[in-house]
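Here's the letter readout for the chains.
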Amino acid sequence: MPPIFIRPARPDEHAALCVLFAELDRFHREIRPDLFVEPEGPVRSPELVAGLIAGPGSAILVADDGGALAGLATLIERTVAANAVRPERRIAEIDNLVVMPGHRRRGIAGLLLRHAEDWARGRGIGTLELGVWEFNVGAVACYEAAGFAPTTRRLSKAVAPP
């Protein structure tokens, strides 16, 4: 099996990137159809994807498996505003991370996460953050194995209409 190579995505890979994003979207719809719906058109335009690739405060990293894209991580630099009890801070956020089903259990997510750390470090950012749905137990286990730890917990409760 050839080694997986992590590299920045290219704008000409829009269609292949959309396949990866669609897998991520499908997974979320399958588990929580009350929150996620099938889109009626293109979800991520070539302009949106090209903008994420071009940065400067964002990137899409891909896992290249001999020319086929096996996974991706979308990274965004953010500034968290100060408030009365917290100073302003810069973070790198993993906005999306997906590995295609046929490529899982090969360490690809871990490689993407390590390269995401390098991306943040290269920008002088000391914190890498992400959000993960509680139902995504596989992703939670992956992130915890990579050294991520909970910092906040968001809870919700359905409220019946009057």
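The paragraphs below set out a description of the structure included in this document. (Residues numbered from 1 in each chain as written. Predicted model: local features only at pLDDT ≥ 70, side-chain atom pairs only at ≥ 80, totals over all residues. Heavy atoms only, no water.)

**Let's talk about the nonpolar core**
- In this structure, I94, L97, I108 and L112 are the most contacted members of the largest nonpolar core, which totals 24 residues.
- Only β2 (58-65), β3 (68-80), β4 (89-99), α3 (108-122) and α4 (137-145) provide two or more residues apiece to this core.
- For this core, the element with the most residues is α3, which contributes 7 residues.
- If near-sequence neighbours (up to four positions away) are discounted, I108 is found in contact with I4, A63, A70, V99 and H103. (Core = buried A, V, L, I, M, F, W, Y, C linked by side-chain atoms within 4.5 Å. Buried < 20%, exposed > 50% of the residue type's maximum accessible area, 1.4 Å probe, protein only. Helix = DSSP H or I, 4+ residues; strand = E, 2+ residues; numbered from the N terminus. Contact = heavy atoms within 4.5 Å.)

**Here's the deal with the side chain of H14**
- Position of H14 among the secondary structure elements: in helix α1 (residues 14-31).
- Here the side chain of H14 touches R44 through a polar contact of 2.7 Å, landing on its backbone oxygen.
- Those residues in contact with H14 that lie beyond four places of it in its chain are R44, S45, P46 and V49. (Polar contact = N/O pair within 3.5 Å; in protein donor to acceptor, adjacent residues only side chain to side chain.)

**Side note on the pattern of salt bridges**
- Taken as a whole and judged by the stated rule, the model has 17 salt bridges.
- With its nearest N and O atoms 3.4 Å apart, the salt bridge here joins R10 to E13.
- For R10, a relative accessible area of 41% corresponds to the partly exposed category.
- Overall, E13 belongs to the buried group, its relative accessible area being 8%.
- Between D25 and R44 there is a salt bridge; the shortest N-O distance is 2.9 Å. Of this pair, D25 sits in helix α1 while R44 sits in the loop between α1 and α2 (46-54), and the two are 19 residues apart along the sequence.
- For R44, a relative accessible area of 16% corresponds to the buried category. (Salt bridge = Lys/Arg side-chain N within 4 Å of Asp/Glu carboxyl O.)

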